[in-house]
Amino acid sequence: MELDKLVDAILISAKYRHISPDLVRRVGAVELAKGRKLKEAVKATKNKLHQVGGAYQAGAIDFDRALVEMAAVADDPDGLRQLCRELMQRHASTRERLPILDEFYSTIFAHLPPIQSLMDVACGLNPLAWPWLPVEQTIEYVAYDIYADSIGFLQQALGVMRVVNGRCQTRDIIAHPPTEPVDLVLILKTLPCLELGEKTAVSTLLDGLNSRYLLISYPVQTLGGRRKGLGATYEQQFQALAAERGWQQYHRFEFATELAFLVVNGRN
Ligand SMILES: C[S@@+](CC[C@H](N)C(=O)[O-])C[C@H]1O[C@@H](n2cnc3c(N)ncnc32)[C@H](O)[C@@H]1O
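Reading the values: rules and limits
Residues numbered from 1 in each chain as written. Predicted model: local features only at pLDDT ≥ 70, side-chain atom pairs only at ≥ 80, totals over all residues. Domains from an automatic or database assignment. Contact = placed C-beta atoms within 7 Å. Helix = DSSP H or I, 4+ residues; strand = E, 2+ residues; numbered from the N terminus. Nonpolar A, V, L, I, M, F, W, Y, C, P; charged D, E, K, R; others polar. Buried ≥ 20, exposed ≤ 12 C-beta atoms within 10 Å, placed from the backbone. Pairing = 2+ DSSP bridges. Near = placed C-beta within 6 Å.

(A) Region of the structure containing the domain arrangement of the chain. On domain assignment, one finds that the chain holds domain 1 (2-52) and domain 2 (63-264). The centre of domain 1, based on its C-alpha atoms, is set 26 Å off from the matching centre of domain 2. Between domain 1 and domain 2, the contact holds 10 residues from the first and 13 residues from the second. Elements that contribute at least two residues to the side of domain 1 that touches domain 2 include exactly α2 (21-33) and α3 (38-52). The element contributing the most residues to the side of domain 1 that touches domain 2 is α2, with four residues. Here the side of domain 1 that touches domain 2 is composed, by residue class, of four nonpolar, three polar and three charged.

Shown next, in the form of structure tokens:
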């Protein structure tokens, strides 16, 4: 079958060998359905995968070495934070949060009751921001993204940071939208990216989520800083989404590199 061939052709490439096969299949099926020949559909699928994931890979991490280094500073809060900052540089989107990291979670969590469970969808390297999260060490924490190698590393990194109920999973959150009940879901700078992959992706994700609060954020400039002032566009997108979803209670936070909205979702 053409779709199987397409998936195989993409998964053997060095750039995409760790990416979620479900995602490749979903994107590839759309490209083949446009009547494209296999070779063209492979190319078009790779372009889409680059837009939704590949573009954010800002440098390889030596995972084994990083884990050894993390273990060495596990009992040194300043050393651990410094190392996590260095590692978070390797994901273009997570990197953009570094200048505001000291204020980001502390400001937002001041508007929340104690959180017992947290889901980070399309997490990038954000689980390495654990030392900045104002939560108990024992909370349930689950993170999803599409790169199996990064996710495997993040799972081990949570262990080193003694996150006892932490789970990182490779998952295409549009093919398999998460539905488990949680207090808070982080959807950080992800909705515009998901929409690039499929127009209905945002509704698919939001319809499935079962959480009391949502933290939705947007970048204020394009990757590489080409287009500044993006915040106003995303502000409008969020307002439209809030009206459509009937979200009446939310807080707005404007940081130097990110615009965030904490929404009372009321489910769960
Ligand atoms: C703009 S980045 C945001 C990363 C992270 N939330 C942050 O703010 O630091 C978008 C992320 O979405 C992930 N992604 C894209 N499509 C996805 C999908 N269908 N399922 C899960 N993750 C996805 C990418 O791999 C990438 O890490």
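Here the narrative resumes.
(B) How the structure looks around the pairing of strand β1 (residues 117-121). Taken across its five residues, β1 has four buried, putting it largely inside the fold. Pairing analysis gives five bridges linking β1 to strand β2 (residues 140-145), with the strands arranged parallel. Bridge pairing in β2 links Met-119 to Val-142. Taken together, the three bridges between β1 and strand β4 (residues 181-188) define a ladder with parallel strand orientation. Across the sheet, the residue bridging to Leu-118 is Leu-184, located in β4.

(C) Here's a closer look at unusual backbone geometry. Here Ala-122, not a glycine, exhibits a phi torsion of approximately 55°, which is positive. With respect to the helices and strands, Ala-122 occurs in the loop between β1 and β2. Residue Ala-122 is classed as buried on the basis of its C-beta count, with 26 C-beta atoms lying within 10 Å. At Arg-162, a position not held by glycine, the phi torsion is positive, near 60°. Within the secondary structure layout, Arg-162 lies in the loop between α8 (148-160) and β3 (166-170). Residue Arg-162 is classed as exposed on the basis of its 12 C-beta neighbours within 10 Å.

(D) Up close: the site of the ligand. Near the ligand you find 23 residues, and of these Ser-93, Thr-94, Ala-122, Gly-124 and Leu-188 are the closest. Of all the secondary-structure elements, those providing two or more residues to the shell around the ligand are α6 (92-96), β2 and α9 (191-197). If you tally residues by element for the shell around the ligand, the top one is α9, at three residues. Class assignment of the residues belonging to the shell around the ligand gives a composition of 12 nonpolar, seven polar and four charged.

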